Every structure is written in structure tokens, then in C-alpha cells.
Amino acid sequence: MVIKRNEPCYVLGVGMTKFIKPRGKVDYTELGFEAGVKAMLDAQINYDDVDQGVACYCYGDSTCGQRVFYQFGMTQIPIYNVNNNCSTGSTGLHLARNVISHGGADCILVIGFEKMMPGSLQSFWNDRSNPTGTTGEMMLATRGMTNAPGAAQMFGNAGREYMEKYGAKPEDFAEIARVNHEHSQRNPYSQFKDVYTLEQIMKSPMIHEPLTKLQCCPTSDGGAAAILVSQDFLDARPHLKDQAILIAGQCMATDAPSLFSRSAIDLMGFEMTKYAAATAMKEAGIGPQDVKVCELHDCFSANEMIVIDALGLSPPGKAHELVRNGDITYGGKLVINPSGGLISKGHPLGASGIAQCAELVWHLRGWANNRLIKDTKVALQHNLGLGGAVVVTIYKRADGKTASEVSSAEVGKKNKLGYNPAVEAKGFTAAQATSVRSKTKKSAWALGDVEKKVEARF
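Residues numbered from 1 in each chain as written. Predicted model: local features only at pLDDT ≥ 70, side-chain atom pairs only at ≥ 80, totals over all residues. Heavy atoms only, no water.

In the annotation of an unreviewed UniProt entry, the entry for the protein chain reads propanoyl-CoA C-acyltransferase, and the organism field reads Cudoniella acicularis. In UniProt, the protein chain has this text filed under Subcellular location (unreviewed entry): "Peroxisome". (UniProt positions renumbered as here; feature names shortened; annotations may be inferred.)

This is how it looks when you write it as C-alpha cells:
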């Protein structure tokens, strides 16, 4: 079923922090504040223009969202707190888009942030059933269990099945990681920027075959934000139409009964991705062949492989051939994860989906001038969380044009940041932060010293 939406919805502003190793040095309040200020400066709005707020995070107590948003102002707007595993950020975008498209708001600020623990993902609720417990039990019943991190086992098993069924080789998965690491060197927000050879990736420590360490995403601290607006809001600001990006199609889906078909690929949500992609593309009026740039959920190289297949970017069972032919990077059929993806950029769960959005917005505007894909008209975003949920979003320029390169000097003149955020991970001044905070309903007590802390990091 395609939901009938009456109003277009646009991404008008985006902003993000650098993704960093989780060492407890930066609190979520700072991460959310920095991302939110940057997004509002980019959209050239004030917090008084915001009708609703959506906060996206997995690790933290209830109402962390209010703690972050109150730093901008206490305007008594609704603030939703969203937690949907690794798809949390894009779930927040989906929520905001639905509200706007059904006439419930003109401007919504979505902020994702995460302050994580070092090491592999862990649960803090051990006195109750794990929401992915039945998934783990199916893995145990079909493939057994090792001492490797649970997520690596699950996605690694999907990779093994792809090899068994379709003839992929371990080096195909390593090539995916090699490409993503290579892409990350041009992303100023990326947690890792090291470039590796295929041999180095294959010889890094084995985690769960075929996955070596350099094929697994790290845990991260980070924040990202997006401003979503209605047609009326954009029409009142015609000078911003060339930077507004239309959400042309979008679908959030959950699992089908095939999740428990005893297939390791199905166990990773293959059918829900396939369904969400088909639904979003139908709404946008496009096909997989129209996609030139894509940010997809590469928590592990094995997941990128099966998602390429599920999205229809390759014929069924042929994703590894797309990889072998060099068709997932510059010079190929499309560019997948120009940001470096989760594998190299990092994966602060609540921020990841919104960071994907920011990357694609910068591409469609032409601002990502150090990693731009020529003739881009359509961009695809895929963000998945086990448990499960997936969001697939199709973006197009509001003016219907093809993305063309914009110089950083020109970007800096047009926006309120004074620099090109697509290629420079810089901060902002106290005056800039003040300019986006509420004019009439703000509290110095709610802000505390976060402004000084953010300034001190730049």
C-alpha cells in the first residue's frame, strides 16, 4: 500500500558533527546542539520557525530529546523521542515527513545523536526478553553460535549464504570495504580516513568469516540534523529553492514472516528492504537504473552485498558481479556510500540515518564538490535496524534540475555558515549560535556551558 500524501516535503537544511571514537569526551547535549545549530544556519531559519522536534537516539534515558532541544529554546512545541535500533535516524525523518505531508506542520527539526560505549553493541536490559532474541535463536538453530559479536555473526552468516547460493567470494566482500574506506578520505566528518589495499583488508583480523575487522563498522559518537519543511514554508522563501531537496518517495517497513524462513539472508531483513525499496521507488516514479548515488546501510560488508540485491541495484544474485566490475564506485554504474559508509565514516546509531540524508542533500545541491557524481538527478538512502525496521528514501532536487558542481567559495557566500559544510567540518561562532536560538523563549539555564564546549572543539 502506498500512503497518499497531499503535500510535498523538502529537506531545507542539514548539519552534522564529526563522527569520533566513543571515549566519553563529548556529551550528547553537545553533539545534538552542534548538529542542530548547523542545520538551522544551513536552512537560514530561527528555532521560533520550528513547529515540532524529533530526537533520535538509542542509548540514553527518556526525554534526552527535550534536554537537547531546550538548548535552542523552550517554545512548548511537541518533541518526539525515537528509538528504532540502527534505523532510528531515518525513522525520525519518516515521522517528520509524514506529519508535514499530511498538513500537521510546516517546519520540523530532526536531530539524531549518540554517545556510545567502546566495543561491540551491547544491551543494558538483561532482566527481560531481548527484542532480537527470536532472531538470535533462529541463528543458533540454523548456523550455530560462536564467540564473535552477535551482529557480526548474523550478517557474516548472510554473507556465507550469499557465497553458497550465488558464487560470491570472500574477496568480493573485502572489495566492498576497500571501496568504502577509499571513499571516506574525501569526507571531512569520517571517523576513519585510512585507505587500504584489498590484501590489507583480507589479512586484517578475522571476526566471523567472511568478515574481517576492516569490513565491520565501528561504534561512534556523533550527531546529525535535518530541517524538513512544507511547500508553503518553501514558497515563502523562494531564494532557498535551489538548495531544497524533495523527498520524492519514502517507505518505512518492518519484517515479513520470511524473517524466520531459516535463511540467513532473510534473517537480516531482506524482504522488508525489498518491499520498502519498491514502494519508495513507485512513489517517486523511478527505477533502480535511475539511481546514480546511494547511501546504504553497510554495517558490515556482507550487508551491503545483500542490500545491493534487495534494492534492485543488481539483478537477483548478481551483486558480487556489480562489485567485481567496479560498478559501485566512481567510473562505474553508480556510486555507493560516497561518504565512506558506516564501515569507515562511523555508526553513531541515532545519527547515522540523518548523516546519510545530509550526504545525499550535499550531492544533489552540488556542494559535495570533492566527491560529486556527474548528472545526478536521483539519490537513494537505505537505513536498516534489526528487530526490525528499514527506511528507504528517494531524493530529488526541488527545481527538477541535475546536480552541478558549486564552488566552496560560492557556497560560503550563500549560506549562513560562511563555508562549505560538505567539504569542511568546521564549527560556528557564538553569534551564529545565538542567531538561531529562540528570540523570545530561551533559557540560559537550559543552555548551560554547551556553547563554550562546542566552540572549544574547533
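The rest of the description comes next.
**Q** For this particular structure, what's the right way to read the pairing of strand S2 (residues 52-56)?
**A** Two faces, one strand: in a regular strand the side chains alternate between the faces of the sheet. With five of five residues buried, S2 lies mostly within the body of the structure. Going residue by residue along S2, you find Gln 52, Val 54 and Cys 56 tucked away on one face and Gly 53 and Ala 55 tucked away on the opposite face as well. Inspection of the sheet shows S2 paired to strand S4 (residues 107-114) by five bridges, in the parallel sense. Paired with Val 54 across the bridge in S4 is Val 110. Examined bridge by bridge, S2 and strand S3 (residues 79-82) share four bridges and lie parallel to one another. Bridge pairing in S3 places Gly 53 opposite Ile 79. Crossover handedness for the path S2 to helix H2 (residues 64-69) to S3: right-handed. (Buried < 20%, exposed > 50% of the residue type's maximum accessible area, 1.4 Å probe, protein only. Helix = DSSP H or I, 4+ residues; strand = E, 2+ residues; numbered from the N terminus. Pairing = 2+ DSSP bridges. Right-handed = clockwise from strand over helix to strand, strands pointing away.)

**Q** Got a minute to help me understand a nonpolar patch on the surface in this structure?
**A** A grouping of Met 117, Phe 124 and Trp 125 is seen on the molecular surface, where their side chains present a nonpolar patch of about 370 Å² in accessible area. Structurally, Met 117 is set in the loop between S4 and helix H4 (133-143). (Patch = residues over 30% accessible without salt bridge, like charges linked within 9 Å, V, L, I, M, F, W, Y side chains within 5 Å. Areas by Shrake-Rupley, 256 points an atom, 1.4 Å probe, with all protein chains shown as cover. Salt bridge = Lys/Arg side-chain N within 4 Å of Asp/Glu carboxyl O.)

**Q** Which parts of the structure should I look at to understand the environment of Glu 182?
**A** For Glu 182, the location among the structural elements is in helix H6 (residues 170-184). Sequence-wise, Glu 182 and Glu 321 are 139 residues apart; in three dimensions their C-alpha atoms are separated by 20 Å. A polar contact is formed between the side chain of Glu 182 and the side chain of Gln 185, at a distance of 2.8 Å. (Polar contact = N/O pair within 3.5 Å; in protein donor to acceptor, adjacent residues only side chain to side chain.)

**Q** Honestly, the UniProt feature "domain: Thiolase C-terminal" (unreviewed entry) in the protein chain in this entry has me stumped. Any pointers?
**A** According to UniProt, the "domain: Thiolase C-terminal" (unreviewed entry) feature falls on residues 266-388. In this annotation, residues 266-388 is assigned 43% helix and 11% strand; the end-to-end C-alpha distance for the span is 12 Å.

**Q** How should I be thinking about the pattern of salt bridges in this particular structure?
**A** Where charged atoms from two side chains of opposite charge come close, those side chains can pair. For the structure shown, the criterion picks out 18 salt bridges. Linking Lys 38 and Glu 34 is a salt bridge whose minimum nitrogen-to-oxygen distance equals 2.8 Å. Residue Lys 38 and its partner Glu 34 are located together in helix H1 (residues 28-43), separated by four residues, close to a single helical turn. Judged by relative accessible area, which is 3%, Lys 38 ranks as buried. Salt-bridge contacts for Asp 127 lead to Arg 128; the nearest nitrogen and oxygen are separated by 2.8 Å. Where salt bridges share partners, they join Arg 143, Glu 161 and Glu 164 into one cluster.

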